[in-house]
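An overview of the molecular structure
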Number of protein chains: 2
Amino acid sequence: MLIGYKLQLLALRYDNSAKVHLLKDSTVSEQFKEILDDIQTNLFEAAKSRQEACIRIVTSWDEYVEQVNKKKKVIGWWRKKVVRKETRLGISHGKDEDFGKWYSEEFFDKEIEEMEVEKCMFPLFVTSAVLQKEKTHVAGFEPEVAWVTKAGKSDLDVDLAIRPTSETVIYPYFSKWIRNHHDLPMKVNQWCNVVRWEFSNPMPFIRSREFYWQEGHTAFATKEEADAEVLEILELYRQIYEEFLAVPVIKGKKSELEKFAGALYTCSIESFIPNTGRGIQGATSHCLGQNFSAKEFFDITFQNEKEKKDSVWQNSWAYSTRTIGVMVMVHGDDKGLVLPPKVASQQVIVIPVPYRDANTQEIFDACAVTVKTLRKAGIRANVDKRDYHTPGWKYSYWEMKGVPLRIEIGPKDLTNNQVRAVRPKQRRDACIQIARTWDEFVEALGQKKLILAPWCDEEEVEKDVKERTKGDTGAAKTLCTPFDQPEMHEGTKCFASGKLAKKWSYWGRSY
Amino acid sequence: MLIGYKLQLLALRYDNSAKVHLLKDSTVSEQFKEILDDIQTNLFEAAKSRQEACIRIVTSWDEYVEQVNKKKKVIGWWRKKVVRKETRLGISHGKDEDFGKWYSEEFFDKEIEEMEVEKCMFPLFVTSAVLQKEKTHVAGFEPEVAWVTKAGKSDLDVDLAIRPTSETVIYPYFSKWIRNHHDLPMKVNQWCNVVRWEFSNPMPFIRSREFYWQEGHTAFATKEEADAEVLEILELYRQIYEEFLAVPVIKGKKSELEKFAGALYTCSIESFIPNTGRGIQGATSHCLGQNFSAKEFFDITFQNEKEKKDSVWQNSWAYSTRTIGVMVMVHGDDKGLVLPPKVASQQVIVIPVPYRDANTQEIFDACAVTVKTLRKAGIRANVDKRDYHTPGWKYSYWEMKGVPLRIEIGPKDLTNNQVRAVRPKQRRDACIQIARTWDEFVEALGQKKLILAPWCDEEEVEKDVKERTKGDTGAAKTLCTPFDQPEMHEGTKCFASGKLAKKWSYWGRSY
């Protein structure tokens with residue numbers, strides 16, 4: 001039994017299809033759980049190796065064109081299958097790709113509850129006067145704020161902004177609630193919709209005018225506590241991407257130019273979409289320092305232990321429905337969605353394969369028992385009972401929907417007391433490239449790679465790179481400086497300025 | 001032990017304070033759980049008996065004035081403690097009165113998941129053209145729609161409405177998704193914010209311009225299925241009010257005049273706020289019939305089992321943060337909030353009562369052990385460790401916050417191996433009144449009663465009652481016709497028209 005099971009696992013890893021025992025007891029269900037875990041791990045490893053492996057060498061023009069065309073097809077799928085559901089407002093929604101409990105309840109909400117973050121809800125609207133309290137912050141958001149100016153047939157006395165983010169909505173309350181060091185730390189989180197009126201091309205889940213996110217806002221007595229929380233939250237975001245969505249990410253710090261408007265510093269996790277050759281910011285964790293809490297802005301002060309007045313140290317951190325877009329683009333391909341088992345609302349689809357002479361009812365019964373057994377083991381399984389579609393049609397249908405595992409049951413299977421387990425195959429190319437010189441950098445950028453390069457850490461150089469790479473597909477910029485720094489040999493030069501390099505940073509075109 | 005425990009329970013029921021054993025083991029914790037259950041039940045029974053009991057007879061002018069003044073004080077508290085936190089936008093939020101998991105996750109979401117309702121999220125905005133598709137519906141909402149007309153510095157080409165409810169947002173998708181009877185029933189639910197620009201006085205949680213709610217939208221092949229679901233959902237709403245919030249409600253059907261704009265019929269649960277003498281709609285469950293699905297509106301059709309085209313039958317149903325407002329107003333009084341144990345985020349507060357000669361550390365340790373023991377039993381308990389407030393100050397503080405049970409531990413308690421359990425006392429007056437004639441009706445209305453009266457069921461009479469009772473405090477209207485009808489003797493006349501009565505209905509001023 002054990003050897004048989006190991007063979008099945010191996011078969012599913014390499015051949016994508018295997019015969020396994022008919023599911024009637026929990027032992028076999030447990031095996032399926034392990035197979036699903038295996039799929040989850042493989043999906044992550046595959047995505048990771050694509051990022052870590054080196055560039056594919058093409059030796060002829062034809063091969064190059066073929067490669068490029070392959071990529072275009074993939075983008076083609078994404079546009080066709082997802083964008084057609086987009087509304088003119090830039091938010092998309094498909095009934096089948098539901099959020100799933102994992103999105104907030106199963107992991108993140110529990111984790112932050114442990115950290116004693118309280119669930120809150122704050123208003124959608126903010127007046128212009130409050131929005132403009134912190135100048136750097138408002139400058140970053142004002143161009144994309146949506147304004148309510150009318151109610152019914154009447155014009156409003158004061159126009160109201162729809163929150164693009166809630167710092168300015170929440171901090172007036174912090175100012176009232178926080179008096180004494182005993183009131184600290186104060187930690188709140190809300191799940192809500194925000195609106196940013198993007199004028200560039202909106203893209204569902206990646207860059208949409210309305211999006212749904214979690215935003216946490218915290219206040220501390222000391223910088224040390226704030227610093228520690230920034231990293232603690234960043235680690236949760238890494239886990240969401242890597243452990244749930246099977247998307248490998250890089251943790252790091254944003255450059256001064258790319259940090260959040262009004263922040264002291266911004267940490268982020270960054271991912272990379274191989275087929276479009278663009279980096280993407282996955283989630284951010286900001287330390288706002290004492291900027292918003294300053295007396296002239298939101299005046300969030302407390303009496304410290306020495307009975308002196310002090311401003312609080314603040315953080316804010318967020319991840320959004322963009323997680324879903326990144327997952328779709330990293331794993332999906334020409335054939336449709338590929339969902340990691342941990343987040344798939346349907347983990348196993350069971351398909352009856354009737355044959356004209358066979359006892360159809362018996363096959364349907366076997367399917368029902370299989371589903372029941374799998375569900376008992378906590379596996380999200382279902383049977384496709386529709387009698388007006390062929391099994392072949394159903395295979396394609398569920399493959400397009402990204403269900404990680406398919407079980408087929410036909411008359412022969414019944415005779416042999418077995419089922420056929422099938423796992424859709426996926427393949428992708430590698431995409432991280434190290435560039436040490438400007439020429440290498442430009443070449444890698446042309447090949448749509450994610451670029452790791454030594455940098456002198458000067459903002460002027462960063463701006464210059466943006467300027468020099470401007471074009472139809474957008475300028476290249478720093479994505480982040482990874483915490484996990486490769487060794488830098490003495491005398492290493494900046495790829496762009498030729499000055500002495502100070503750090504390795506990731507660069508690329510970005511969403 | 002058992003007798004001692006029963007005595008404690010009795011003591012807490014009648015005297016509001018009792019000495020109980022120091023909590024060190026789970027047996028005693030289990031007793032506390034029962035005490036909390038008892039508080040929950042009593043709170044409901046008290047509210048219920050207030051509704052069911054008859055009018056209080058006052059024999060002198062002084063007594064009358066005293067009664068009225070008492071009520072005014074209560075309203076005074078509500079305004080002072082809650083309204084001062086209200087923003088100018090009409091939504092209020094206090095950090096301590098958090099929503100709690102019960103609000104969606106613990107009960108309702110699980111129940112509707114059983115009913116195979118899917119979690120969804122739809123956009124915030126809807127264009128004027130789509131909003132106006134169904135004329136009756138838009139007429140009901142258009143005067144209170146908030147409009148986005150600008151983004152950044154630019155005017156929008158088309159003004160966008162912020163959803164006042166999402167029928168018009170969701171049904172275009174239903175039209176695309178539903179093709180065949182196999183696609184039915186289709187059931188979705190979203191938790192979201194909606195905006196209705198009330199021009200009359202907003203009141204936090206009761207009538208606010210932005211509010212957070214759950215809205216379910218379902219489509220069926222037959223009227224029978226839709227009818228059954230309307231009642232199934234209504235029963236869930238009753239459970240939320242009665243079993244979680246300890247607020248007694250009446251299930252019934254709205255009159256044609258008061259039904260939802262665009263509905264075939266509306267069922268609702270109604271409650272009554274004794275101290276303001278107003279009825280309040282607690283939640284609604286609408287059958288929309290085939291109105292929205294008609295070809296000329298949203299065109300939601302399917303091929304039925306006989307391969308003929310048919311329009312779907314639809315329902316929509318919602319409850320909102322108003323539940324919280326109703327709970328606060330029904331149980332709260334001059335001394336502050338009164339929270340039913342099931343929904344209190346803090347069920348037990350433990351307060352150390354140090355005395356100058358006593359060993360303070362020992363008392364704090366006993367408090368910590370007590371909290372730990374209670375928490376182990378699943379009771380939401382906490383200790384107030386603040387050293388800069390007196391025990392007396394803390395008693396008032398937590399009583400105002402509505403914590404159902406307080407435990408005090410002082411040096412004497414330690415010596416006797418006991419703690420003191422205290423339960424804040426609450427009292428309220430009765431408020432349902434039966435009126436058979438116009439004079440009785442007017443008198444009861446003046447006494448701020450909830451009125452049950454025989455009615456001829458004619459819309460003209462209903463409008464006439466509204467007209468005749470118009471005044472500073474608002475006109476009286478039908479609240480609902482209860483499913484649970486009292487016996488009606490032959491020849492009973494309508495209280496307003498004198499014609500033969502057809503049914504008993506609830507009437508009153510309403511929020």
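Keep in mind that what you see is a predicted model, and the values were worked out from it rather than measured. Numbers given for residues are sequential positions, taken from 1 along each chain in its written order. For naming, the first written chain is A and the first written ligand is 1, with later ones following in the order written. For this predicted model, a pLDDT threshold of at least 70 governs which residues receive local features, and a threshold of 80 or more governs which side-chain atom pairs are given and counted, while totals over whole chains, interfaces and linings are taken from all residues. Note that water and hydrogens are dropped before the side-chain values are worked out from all heavy atoms of the structure.

A look at the overall build of chain A
Stated formally: Labels follow the DSSP assignment, with helices taken as runs of H or I lasting at least four residues and strands as runs of E lasting at least two, numbered in each case from the N terminus. Exposure classes here rest on a 1.4 Å probe applied to the protein chains alone. A residue is buried below 20% of its type maximum, exposed above 50%, and partly exposed in between. In this analysis, two residues are considered to be in contact whenever any of their non-hydrogen atoms come within 4.5 Å of each other. Here the Shrake-Rupley method, with its probe set to 1.4 Å, supplies the accessible areas, and only the displayed protein chains count as covering residues.
Regarding its fold elements, chain A presents 14 helices and 21 strands. Taken over 511 residues, chain A has a buried fraction of 57%. For chain A, long-range pairs separated by at least 24 residues make up 72% of all intrachain contacts whose partners lie at least 6 apart in sequence. As displayed, chain A offers around 22900 Å² of accessible surface, 50% of which is attributable to carbon and sulfur atoms.

Brief notes about the pattern of salt bridges
Residues and elements named next belong to chain A. Quick note on the threshold: In what follows, salt bridge is the name for a side-chain nitrogen of Lys or Arg lying within 4 Å of a carboxyl oxygen of Asp or Glu.
The final tally for this structure, using the stated rule, is 44 salt bridges over all chains. The salt bridge involving D457 is made with K503; its shortest N-O contact spans 3.2 Å. Here K503 lies in strand β21 (residues 503-510) and D457 lies in the loop between β19 (450-455) and α14 (459-469), a separation of 46 residues in the sequence. K503 sits in the partly exposed class, given a relative accessible area of 21%. Several salt bridges share partner residues, and in doing so they unite E235, R238, E242, E243 and K251 into one network.

Re the side chain of Q40 of chain A
All names here are of chain A. Heads up, the condition is: We define a polar contact as two N or O atoms separated by no more than 3.5 Å, with the added condition that, inside protein, one atom must be a possible hydrogen donor and the other a possible acceptor, whereas residues neighbouring each other in sequence contribute only through side-chain atom pairs.
Relative to the elements of secondary structure, Q40 occurs in helix α2 (residues 26-52). With relative accessibility at 7%, the residue Q40 sits in the buried group. Only 3.1 Å separates the side chain of Q40 from the backbone oxygen of E243, close enough to count as a polar contact. There is a polar contact of 2.8 Å between the side chain of Q40 and the backbone nitrogen of K342.

Let's talk about the domain arrangement of chain A
Residues and elements named next belong to chain A. Let me state the cut-off plainly: Domain limits in this description derive from either an automatic procedure or a database domain assignment. Two parts placed together each lose some accessible area under a 1.4 Å probe, and the buried area is that loss summed for both.
Segmenting chain A into domains produces domain 1 (11-29 + 339-423), domain 2 (54-74 + 430-510) and domain 3 (96-331). In this complex, domain 2 contributes 22 residues to the contact, which on the side of domain 3 involves 22 residues. Between domain 2 and domain 3, roughly 1900 Å² of surface is buried when both sides are summed, and carbon and sulfur atoms account for 62% of that area. The tally of links from domain 2 across to domain 3 stands at 2 salt bridges. Notably, a salt bridge pairs K477 with E258, separated by 3.3 Å at the nearest N-O pair.

Considering the pairing of strand β7 (residues 210-220) of chain B
All names here are of chain B. Put simply, the rule is: At least two DSSP bridges between two strands are required for those strands to pair.
Of all 11 residues that make up β7, 11 are buried, and the element is covered over most of its length. Alternating positions in β7 separate into two faces, E210, Y212, Q214, G216, T218 and F220 on one and F211, W213, E215, H217 and A219 on the other, with burial throughout. Bridge analysis of strand β6 (residues 186-195) against β7 gives 10 bridges, and the strand direction is antiparallel. Bridging across to β7, W191 finds its partner in Q214. With 8 bridges connecting them, β7 and strand β13 (residues 313-320) associate as antiparallel partners. Across the sheet, Q214 pairs through a bridge with Y319, a residue of β13.

Describing the sheet that holds strand β3 (residues 125-127) of chain B
For the record, the criterion: Lines fitted to C-alpha atoms define the axes, with helix axes restricted to the stretch in contact, and inter-axis angles between N-to-C directions lie between 0 and 180 degrees.
Across the sheet, which stays open at both edges, the 6 strands sit in the order β3(A)-β5(A)-β4(A)-β4(B)-β5(B)-β3(B) with antiparallel pairing between neighbours. This sheet does not close on itself; its edge strands, each paired only once, are β3 (125-127) of chain A together with β3 of chain B. Across this sheet, the average inter-strand angle for adjacent strands is 45°, counted without regard to direction.

Considerations on helix α9 (residues 322-331) of chain A
Counting buried positions along α9 of chain A gives 10 out of 10 residues, so the element sits mostly inside the fold. Restricting attention to buried positions, one finds in α9 of chain A the residues R322, T323, I324, G325, V326, M327, V328, M329, V330 and H331 of chain A.

A short note on the packing of aromatic side chains
Residue and element names in this part refer to chain A. Definition in use: Think of it this way: a Phe, Tyr or Trp ring, Trp meaning its six-membered ring, pairs with another when their centres are within 6.5 Å, and the plane angle makes it stacked under 30 degrees, edge-to-face over 60, tilted otherwise.
Considering all chains together, one arrives at 50 aromatic pairs over all chains under this definition. Ring geometry for F108 versus W317: centroids 6.2 Å apart, planes at 75°, classification edge-to-face. Placement of F108 in helix α4 (residues 105-114) and of W317 in strand β13 (residues 313-320) is noted, with a sequence separation of 209 residues between them. A single burial state applies to F108 and to W317, both of which are buried. Between W455 and W507, the ring centres sit 5.4 Å apart and the planes meet at 85°, which makes this aromatic pair edge-to-face. With W455 in strand β19 and W507 in strand β21, this pair connects stretches of sequence that are 52 residues apart. Relative accessible area serves as the criterion here: at 0%, W507 is assigned to the buried category. Every member of this aromatic cluster is reached through a ring pair, and the members are F108, W191, Y212, Y237, W317 and Y319.

Some words on the environment of K463 of chain A
Structurally, the position occupied by K463 of chain A is in helix α14. Taking the C-alpha atoms as reference points, K463 of chain A and A476 of chain A, separated by 13 residues in sequence, lie 9.8 Å from one another.

Thoughts on the environment of M203 of chain A
Residue and element names in this part refer to chain A. Secondary-structure assignment places M203 in the loop between β6 (186-195) and β7 (210-220). Assessed through its relative accessible area of 7%, M203 is described here as buried. Sequence separation between M203 and E362 is 159 residues, and the spatial gap between their C-alpha atoms is 47 Å.

Comments concerning unusual backbone geometry
Cis geometry marks the peptide bond from L184 of chain A to P185 of chain A; its omega dihedral reads -10°. Tracing the chain through its elements places P185 of chain A in the loop between α7 (167-177) and β6. Positive phi values are uncommon outside glycine, yet F205 of chain A reaches one of about 70°. Tracing the backbone through its elements, the reader meets F205 of chain A in the loop between β6 and β7. Backbone geometry places E116 of chain B, a non-glycine residue, at a positive phi of 65°. Mapped onto the elements, E116 of chain B comes out in the loop between α4 (105-114) and β2 (118-119). Of the residues examined, E116 of chain B reaches a relative accessible area of 66% and is grouped as exposed.

Notes on the environment of G277 of chain B
Take G277 of chain B: it is sitting in the loop between β9 (265-273) and β10 (278-289). Along the backbone, G277 of chain B and H181 of chain B are 96 residues apart, and their C-alpha atoms lie at a distance of 48 Å.

Remarks on the packing of helix α13 (residues 438-446) of chain A against α14 of chain A
All names here are of chain A. Test applied: Just so you know how the angles are binned, under 35 degrees is roughly parallel, over 145 roughly antiparallel, 65 to 115 roughly perpendicular, and the rest oblique. It is the rotation of the near helix from the far one that decides the hand of a crossing: anticlockwise by less than a right angle makes it left-handed, clockwise makes it right-handed. Ten residue types, Ala, Val, Leu, Ile, Met, Phe, Trp, Tyr, Cys and Pro, are classed as nonpolar, four, Asp, Glu, Lys and Arg, as charged, and the remainder, Gly among them, as polar.
Where α13 contacts α14, the two axes come as close as 12 Å, and the packing angle between them is 50°. Compared by their axis directions, α13 and α14 come out oblique. As for how α13 packs across α14, the hand of that crossing is right-handed. Listed contacts from α14 to W438, F441 and L445 of α13 are V465, R468 and T469. Looking at the contact of α13 with α14 residue by residue, the classes come out as 4 nonpolar, 1 polar and 1 charged.

Digging into helix α8 (residues 223-244) of chain B
The condition that has to hold: To estimate the expected span of a helix, subtract one from its residue number and multiply by 1.5 Å.
The end-to-end C-alpha separation of α8 of chain B is 31 Å, in line with the 32 Å expected for 22 residues at 1.5 Å each. Looking one or two residues past α8 of chain B, A246 of chain B carries a phi angle of roughly 55°, positive in sign.

What to know about the confidence of the model for chain A
All names here are of chain A. Defined as follows: What pLDDT conveys is the predictor's confidence in a given residue, as a value from 0 to 100.
Averaged over chain A, the pLDDT score is 80; the fraction of residues at 70 or greater is 80%. By mean pLDDT, the top-scoring element of chain A is β13 (96), and the lowest-scoring one is helix α3 (residues 61-83) (36). Predicted confidence for residues 1-7 stays below pLDDT 50, and this span has 5 contacts to residues more than four positions away or in other chains. Per-residue pLDDT stays below 50 along residues 53-99; that stretch engages in 91 contacts with residues further than four places along the chain or on separate chains. Reported confidence for the predicted complex is 0.74 by ipTM and 0.76 by pTM.

Considering the state of the cysteines
Any covalent bond linking the sulfur atoms of two cysteines counts as a disulfide. Note the threshold: When the sulfur atoms of two cysteines come within 2.5 Å, that pair is taken as a disulfide.
Scanning all chains against the criterion turns up 0 disulfides over all chains. Unpaired in this structure, C287 of chain B has its nearest cysteine sulfur neighbour in C267 of chain B, at a distance of 8.9 Å.

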